[in-house]
Amino acid sequence: MKPHIIGDDLLSRDENGRLRTRIATVFPYANTIVTLPGIHATQRVAFVESLNAARAARGMPCLSEAEEEREWMAAVDLVLEDDQILIRPDPADMALAFEADELLQQVVSKKKIRFLHVLNEHVRQAIKGRGECWRISPLPRSADDMKRMIAASSIGIGGRDIYAFNAASGTRLLTYAQFRSLAQLGEDQLRAHLQEIRDNCSRLNRLGNPEVGFFVADDPGLATDFTDCDFASMGSKQLWAAFESLRERFYRSVPPALRTDDPNSALWRSQMYAALIGRTDKSISEESLLGLGAEFFMQVEWVPGGRVIDGELILDPVFDEEDQTDCDPASHRICDHAARGFIFNFVRDYGDLEYVNIGRVVDSLSSRQPFDGRRGVYLAEVKQRGTERPILRIIRMQKWAVREHLDEGKDLLTAILEAEDYTEYILDRRLGCRQLGMNLSPRITARKIGEEYNGGNAAYRGVAIWSAYFERDYLEGAATDKVPLCRFEDDRFALAFASLLGRAAAPNLILGRAEHHGAVIFDDGDELIVEDATGLPIDIVVADPTGTFTDYYRDLSQAAPAYALAIAHRMDHVADANAFAEAFLDAFVRRFSQIQNEYRKRRRAFDTLFKHKRRDERGSFAYRWERVLTRLDEADAAKLADLMRKCLPRITGATAPQPTAMH
């Protein structure tokens, strides 16, 4: 039965196109929605008055005070924004909020209904448990969107625009870098800004939040140090001394990676963005985004998922809604048919599931140029009953599958056979990478999902096809190319990092990891640095060996110089550039020689590994494997390291020959 509405219809607009009301109140158990102008309290009053009027018409007494209170408590607040209805749930009574949700879906599409308070743990977990991560928050923004928001937040009070403004809390955030920049001002301006910070860091706005806060400063006494200073009456020498003392305390309270304002740093950007919307990076990226590294922050677009009740899979009803509107080109789709296939496979693979959430990674996390073929990376959160933490899996669609070959104009049988060949190539490539020392994720699974072909090959439009994908565990760790440069100021970190990177460079070079046009792929987003409890690097794992065995024809001496770039651009940020470079090169030589010796010791095992495969000098994997082993045997690790060394800048600062850029 359709709910009774007291007031105008939800999301109705006036003659100027504006919403007639920005708030509403839903009474799920009474099947009623109130949209009358006012506040939520007056809407509750209007609802109770309507109940009493109905009771009076039937000759019944009015509700008692206790009965009225029960009706008030059985209501859920709504906020209306543009074309969306936002439910403001009581974290202690999510069942009531979901009843309100079900009632609202009788009036508007579920796609228009979202939840507020989603950073509350109880709210978030309740929504996730229904396979509805897509409703947890507004759609994630791209890195460029975050940069624009951060830039637009710049604000001043009476002086320069040195703060970042949190519109939700009203707090102006001061970063260490902005505070340090005050040293460039004259004495009068410095005094004015210090007094401004002093007056406002202890002043609360109407929301009870400080007017000025210190960005990621882990020192509650910092504000007290400011308020204890009377900058207006200080002499010049005392003023500069006070500034330097405060700067030093601020410096010590901020993590090294966040002492420089750098919107291009995934870590700094995510921390600042989170602070501007009222939460810390840990609260959002580790809790809402399931413990993912900073490079994933706000890069996951959640799509409708599913949950399992009494052993039965319950897909989000939005799938049905959108299936019925496929013919409407104006329909805004939020479902992902590939995600539905993933969910089916997870239910088949895992026993006793609670829910599955699927998210699309909207931006590439590597710095490589886009490639031909299918792009598609997904994150899956799979929760089994009786387990405390969900399983996180990364899903990558096969670049060349049936769909892509049909798009090239091939017939269906040829497309299927070539897609199967490519799947086998990818799996053989992974085996070859492991055989030659590349440290890969422990496990990968090749699976398929059914899709309907709607590409450019008219002869097969509407035909059911299979699309392949590869599924692996989510790996914890930061990408090497996204480690903030300021961390290399720590000698122990820098030398450990250089040694691990040099060790990883050896198999990367041996395996000919490159773009199709020959540019080396290394240190660009796939190498993940693993740290110990103290923050020191202890390992590098390659998340995806894309590009390996691409360059199987050139002598290794032609590609080796490009590897110097991984060290060269970091040398200005280390205390001992020579030691840093030599740590990389020494580790490279040791690891290269170790792999080479393993090959020579077990030559037959390596040479015959792919002998059963088709050998084709036009580029079959068996032929590529043969060529890679031959040049490995002929190479001299020390000479390759010397080629890299010659491309590094002189320690004295002289300009060195530039290595070929890596993409």
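What you are looking at is a predicted structure, and each value in this text was computed from that prediction instead of being measured.

(A) Up close: the overall build of the protein. Within the protein, the secondary structure is distributed over 22 helices and 20 strands. Going through the 663 residues of the protein one by one, you find that 50% of them count as buried. Long-range pairs, those at least 24 residues apart, make up 67% of the contacts in the protein between residues at least 6 apart in sequence. On the protein, roughly 31,200 Å² of surface is accessible, and the fraction owed to carbon and sulfur atoms is 49%.

(B) Geometry of a nonpolar patch on the surface. Among the surface-exposed residues, Val45, Trp72 and Met73 lie close enough to one another that they form a single nonpolar patch of about 280 Å² accessible area. With respect to the helices and strands, tryptophan 72 occurs in helix H2 (residues 65–73). Exposure remark for tryptophan 72: the relative accessible area of 31% places this residue in the partly exposed category.

(C) Summary view of helix H3 (residues 94–104). Most of H3 sits inside the fold, with 8 of its 11 residues counted as buried. For H3, the full list of buried residues reads Met94, Leu96, Ala97, Phe98, Ala100, Asp101, Leu103 and Leu104.

(D) Summary view of the pattern of salt bridges. All told, the structure shown has 53 salt bridges when counted by the stated rule. With its nearest N and O atoms 2.9 Å apart, the salt bridge here joins arginine 360 to aspartate 336. Linking arginine 360 in strand E13 (residues 353–361) with aspartate 336 in the loop between helix H12 (318–323) and helix H13 (337–349), this pair joins segments that are 24 residues apart in sequence. Its salt-bridge partner being glutamate 531, residue arginine 487 comes within 2.7 Å of it at the nearest N-O pair. Separated by 44 residues along the polypeptide, arginine 487 in the loop between strand E18 (478–479) and helix H16 (491–510) and glutamate 531 in strand E19 (residues 527–531) bring together distant segments of the chain. Owing to a relative accessible area of 25%, arginine 487 belongs among the partly exposed residues under this scheme. In this structure glutamate 531 comes out as partly exposed when scored by relative accessible area, which is 29%.

(E) Layout of unusual backbone geometry. With a phi close to 50°, aspartate 310 is a non-glycine residue in the positive phi region. Take aspartate 310: it is sitting in the loop between strand E11 (300–309) and strand E12 (312–315). Phi at phenylalanine 549 takes a positive value of approximately 65°, unusual for a residue other than glycine. Taking the relative accessible area as the measure of exposure, phenylalanine 549 reaches 0% and is therefore buried.

(F) Broad picture of the sheet that holds strand E10 (residues 212–214). The strand order across the open sheet formed by 4 strands is E7-E8-E9-E10, and the pairing between neighbours is mixed. For this open sheet the edge positions go to strand E7 (154–155) and E10, each flanked by a neighbour on one side alone. Pairing analysis gives 2 bridges linking E7 to strand E8 (residues 163–165), with the strands arranged antiparallel. From the neighbouring strand, serine 154 faces E8, where its bridge partner is alanine 164.

(G) Fine view of the packing of aromatic side chains. All told, the structure shown has 31 aromatic pairs when counted by the stated rule. Judged by centre distance (6.2 Å) and plane angle (70°), the ring pair of phenylalanine 215 and tryptophan 268 falls under edge-to-face. Here tryptophan 268 lies in helix H10 (residues 266–276) and phenylalanine 215 lies in the loop between E10 and helix H8 (222–227), a separation of 53 residues in the sequence. The two residues phenylalanine 215 and tryptophan 268 agree in class, both being buried. On the basis of an interplanar angle of 45° and a centroid distance of 5.6 Å, the ring pair of phenylalanine 588 and phenylalanine 592 is categorised as tilted.

Rules used in this analysis
- Residues numbered from 1 in each chain as written.
- Predicted model: local features only at pLDDT ≥ 70, side-chain atom pairs only at ≥ 80, totals over all residues.
- Heavy atoms only, no water.
- Helix = DSSP H or I, 4+ residues; strand = E, 2+ residues; numbered from the N terminus.
- Buried < 20%, exposed > 50% of the residue type's maximum accessible area, 1.4 Å probe, protein only.
- Contact = heavy atoms within 4.5 Å.
- Areas by Shrake-Rupley, 256 points an atom, 1.4 Å probe, with all protein chains shown as cover.
- Patch = residues over 30% accessible without salt bridge, like charges linked within 9 Å, V, L, I, M, F, W, Y side chains within 5 Å.
- Salt bridge = Lys/Arg side-chain N within 4 Å of Asp/Glu carboxyl O.
- Pairing = 2+ DSSP bridges.
- Phe/Tyr/Trp six-rings, centres within 6.5 Å; stacked < 30°, edge-to-face > 60°.

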